[in-house]
2 protein chains.
Amino acid sequence: MDMVNSPNATKPGAFATLGPRVVSSLIGFSIVVACVWFGWRTMLPMLMFVMVLGLREYRSMLRNRGLEVGGRISAYGYGIFLLISSVPGLPEPLPGVSWREAVMVAYGLHLLVSEVARPGERPLERIVYGIFGMFYVPFLLSFAMSLRYLPNPREGFWYLIITVVGAYASDVGAYAIGGAFGKRKLAPEISPAKTVEGAIGGLALSFVMVFSMSEIVKRSFPPGVNVYDALVFSLLVSSAAQLGDLAESVIKRSLGAKDSGSFLPGHGGMLDRMDSVLFVLPVAFYFLRLAVFS
Amino acid sequence: MDMVNSPNATKPGAFATLGPRVVSSLIGFSIVVACVWFGWRTMLPMLMFVMVLGLREYRSMLRNRGLEVGGRISAYGYGIFLLISSVPGLPEPLPGVSWREAVMVAYGLHLLVSEVARPGERPLERIVYGIFGMFYVPFLLSFAMSLRYLPNPREGFWYLIITVVGAYASDVGAYAIGGAFGKRKLAPEISPAKTVEGAIGGLALSFVMVFSMSEIVKRSFPPGVNVYDALVFSLLVSSAAQLGDLAESVIKRSLGAKDSGSFLPGHGGMLDRMDSVLFVLPVAFYFLRLAVFS
C-alpha cells in the first residue's frame, strides 16, 4: 500500500506495470515453491527451463553484438548436463571434487574443438564468453540444487526458500525505497537508477523477510536461528543479490541491451528475473556450510 | 638421435635450441617428480609457483592489449586459494560439491565489486577474461592434485606421472615427426606450424611412453593395464594435450603475442610449457574415475 501511495506512484512507468508484475510474481513463486518442495525430480525440469531461457538471452545479447558463441544445442546440452551433475546423491568423483567441474572442462574443450573444426574471426572471444555464459547461468543456478539438500532434504527446503525470498525481498525493498527516497547514486556508471537509499531498503526488507520466515520455521525445526543470525544471513543474501543485479547491468550495458529479453509481462527477460538470485545461491550455500553446518 | 639427424636439423631455429631445451626439461621434470612423490605438501608450493608464473603471463598478454584484469595480488591470491582448496582430505562442502567452485564464485564477485568500486572502460571484458584466466590456469592445474590421489596416494602417484609423461611425449612426438615429415596443415588459422603428421607422431609417442611406463609399474601394482587400455588412455591424453596446445595458440594469436613469456632458456614462457598439460589433467582424472575406478 505504501508503495502505491508513494509520491512517485504517478510517475509514468514507475509503478504502471505493478499489477501484472505482482500477479505473475505470485504465480511464478508458487510454481517454484511447488517444484522445490518435491525435490530434485521436479526441481531439475524447472531449473532446466529457467536455465535455457536465461542462457538464450545471454547468447542473443552476444549475437546482437556480432558474437555467435558456439552452437545453441551444445550450449543448452552442456547446461542441462551441468544441472544434472549437481543432483545430490550421485557417486562423487572423489571426495570434494564435483561433476559440475567436469562439465565446465568438457565445454571448454568443446568450444576449442569448434574453433579448430570451423575457424572464424575472434576465436578467443567466443571461448571466453562461452565459458563465462556457462559459469554465469547454469553453474551459479545449479547451486539451488546443492542448497536444497543442505544439510538434509527436510531442512534444505526451508534454507533454499528463505534464501530465495530474502533475495527477492532485497529487490522489492530496493525498488520501493529507492523509488520513494532515492537520492545518492550507488553505481552511476553501471546502473544509473540504483541508489544508496534503495540498497539500504533492500537490506532492510531482506532482513524482515528472513527473520520472520525463520521465526515461523523455528516451530518445526528448533532451535532455529536468533535475530543476529538472521541479520548476518540477510546482509549476505541482500549484498549478493544487489551485486548480482549489478552484474547483469554490467552485461546488459556492455552489450548494449536494455532488457535481457521479454519473457514475462512487465518483467523484462528471464535473466532480469534471475540476476539477483544467481550469485545468492552459491554464496548462501557456502556460507551456511561454513558458518552453520561446519 | 633421429631428431638431431632429421633433414630439418639444419633449418635455422628448428632444433637450434634443442640442447638447453633437453637439459632444462630434464631438470624441470626431476623437480616435478620429486614434488609429486612427497604428496600435497610439496606439490602445493610447486603448483603455486607454476600457477603464479602462468597467470602472470596471461595477465601480461591481456595488459599488452590494454586490458588490466582486476588486481594482481587478488588474482594470485584466489589462484592460491583455488589450489589449496583442491588438497584432498579437506572436509567437503557436501558430497559432490567442491571448494574450488566456491573460489570461482568468490572471484566472480570480487571482480564485480572491483568494477563497482573503481569503474572503468570495458567492465564486462575484465570480468569475463578474469574468470577465464582463473579457469584456464589455476582451476585446470589444480586437477593435478586430484589425480595425484586417485584412487589412493600410492597408485595416484603413478597415474599422475604417466599422464604428464604421456602429455609431454605427445608434444615431443608432434614436434619431431611434424618437423621431419609434416606436410598437411592441422589448423592453419590457429597454429600454422602444426601438421596432421605431427599430430599422429604425438599420438604414437604418447602411446609408446604410456604403454612402456605402465608395463614397468605393473610389477608393483598388478594386474596393471593391457595394451588396449594404454592405447585408449594415450589417445585421450595426446588429444587433450594437442587441444591444450591449440588453446594456448588461440590465446596468443588473439592477443598478438608470440611466446607467452621467457621463463626458461629456449622454452618460451611458462604457459608455453604448461599448455599441453592443462586440459590433460582434468580429462585424465575424470576418464580414470569413470572408466577405471567406477
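Residues numbered from 1 in each chain as written. Chains lettered and ligands numbered in written order. Predicted model: local features only at pLDDT ≥ 70, side-chain atom pairs only at ≥ 80, totals over all residues. Heavy atoms only, no water.

Inspection of the entire model under this criterion finds 32 aromatic pairs over all chains. When the ring of Phe132 of chain A is compared with that of Phe135 of chain A, the centres are 6.2 Å apart and the planes differ by 40 degrees; the resulting orientation is tilted. With Phe132 of chain A and Phe135 of chain A both in helix α6 (residues 123-148), this residue pair falls 3 residues apart, about one helical turn. Pair check on accessibility: Phe132 of chain A and Phe135 of chain A agree, each one buried. Pairing Phe157 of chain A with Trp158 of chain A gives two aromatic rings, centres 5.0 Å apart and planes at 80 degrees, and the pair type is edge-to-face. According to the relative accessible area criterion, Trp158 of chain A is partly exposed, its value standing at 29%. Put simply, the rings of Tyr58, Phe132, Phe135, Tyr136, Phe139, Phe143, Phe279, Phe285 and Tyr286 of chain A together with Trp99 of chain B pair up and form one aromatic cluster. The ring of Tyr149 of chain A carries Arg148 of chain A above its face, with NZ or CZ at 5.2 Å from the centroid. (Phe/Tyr/Trp six-rings, centres within 6.5 Å; stacked < 30°, edge-to-face > 60°. Helix = DSSP H or I, 4+ residues; strand = E, 2+ residues; numbered from the N terminus. Buried < 20%, exposed > 50% of the residue type's maximum accessible area, 1.4 Å probe, protein only. Lys NZ or Arg CZ within 6 Å of the ring centre and 35° of its normal.)

With that settled, the discussion passes to the nonpolar core. Residues Phe132, Tyr136 and Leu281 of chain A together with Phe132, Tyr136 and Leu281 of chain B are the most contacted members of the largest nonpolar core, which totals 179 residues. Here Tyr136 of chain B is in contact with Gly244, Glu248, Ile251, Leu271, Asp275, Leu278 and Phe279 of chain B, once residues within four sequence places are set aside. (Core = buried A, V, L, I, M, F, W, Y, C linked by side-chain atoms within 4.5 Å. Contact = heavy atoms within 4.5 Å.)

For the rest of this paragraph, the subject is the pattern of salt bridges. Summed over the entire model, instances satisfying the criterion amount to 18 salt bridges over all chains. In this structure, Glu68 of chain A engages Arg63 of chain A in a salt bridge whose closest nitrogen and oxygen atoms are separated by 3.1 Å. The partner of Glu197 of chain B in a salt bridge is Arg184 of chain B, with the nearest N and O atoms 3.1 Å apart. A residue pair is termed long-range when its members are at least 10 positions apart, and Glu197 of chain B in helix α8 (residues 196-218) and Arg184 of chain B in the loop between α7 (153-181) and β1 (185-187) qualify at 13 residues. For Glu197 of chain B, a relative accessible area of 13% gives the class buried. (Salt bridge = Lys/Arg side-chain N within 4 Å of Asp/Glu carboxyl O.)

The subject of this paragraph is the packing of helix α6 (residues 123-148) of chain B against α7 of chain B. All names here are of chain B. Where α6 meets α7, the closest approach of the two axes is 7 Å, and the angle between their N-to-C directions is 140 degrees. By the angle class used here, α6 and α7 are oblique. Seen from α6, the contacting residues are Ala144, Leu147 and Arg148; seen from α7, they are Pro153, Gly156, Phe157, Tyr159, Leu160 and Thr163. When the residues that make up the contact of α6 with α7 are grouped by side-chain class, the tally is 6 nonpolar, 2 polar and 1 charged. (Axes fitted to C-alpha atoms, helices over the stretch in contact; angles between N-to-C directions. Parallel < 35°, antiparallel > 145°, perpendicular 65-115°, else oblique. Nonpolar A, V, L, I, M, F, W, Y, C, P; charged D, E, K, R; others polar.)

This brings us to the packing of helix α5 (residues 99-117) of chain B against α6 of chain B. Residue and element names in this part refer to chain B. Across the interface, α5 lies against α6 with an axial gap of 10 Å and an inter-helix angle of 160 degrees. It follows from the interaxial angle that α5 and α6 lie roughly antiparallel. As α5 packs across α6, the resulting crossing turns out to be right-handed. Residue-level inspection shows Arg100, Met104, Tyr107, Gly108, Leu111, Leu112 and Glu115 of α5 in contact with α6, the latter providing Pro123, Arg126, Ile127, Gly130, Ile131, Met134, Phe135, Phe139, Ser142, Phe143 and Ser146. The residue inventory of the contact of α5 with α6, partitioned by class, reads 11 nonpolar, 4 polar and 3 charged. (Left-handed = near helix turned anticlockwise from the far one by under 90°.)

The next thing to look at is the confidence of the model for chain A. Residue and element names in this part refer to chain A. Confidence along chain A averages 89 in pLDDT terms, with 92% of residues attaining 70 or more. With pLDDT under 50 throughout, residues 1-12 is counted as low confidence; its partners more than four residues away or in other chains account for 14 contacts. The ipTM assigned to the predicted complex is 0.91, against a pTM of 0.91. (pLDDT = per-residue confidence, 0-100.)

This part takes up the interface of chain B and chain A. Facing the 53 residues of chain B at the interface are 53 residues of chain A. Both sides together, the interface formed by chain B and chain A hides about 4700 Å², and carbon and sulfur atoms give 81% of it. On the chain B side of the interface with chain A, the three residues burying the most area are Glu101, Leu124 and Tyr286 of chain B, jointly 13% of the side's total. Inspection of the region where chain B meets chain A yields 2 salt bridges. Among the ionic pairs, Glu101 of chain B bridges to Arg100 of chain A, the shortest N-O distance being 2.8 Å. At the boundary of chain B with chain A, the tally comes to 14 residue pairs in polar contact (both at pLDDT 80 or more). For the side of chain B that touches chain A, the element with the highest residue contribution is α6 of chain B, accounting for 13 residues. Considering only residue class, the side of chain B that touches chain A consists of 41 nonpolar, 5 polar and 7 charged. (Buried area = accessible area lost by both parts, 1.4 Å probe. Polar contact = N/O pair within 3.5 Å; in protein donor to acceptor, adjacent residues only side chain to side chain.)

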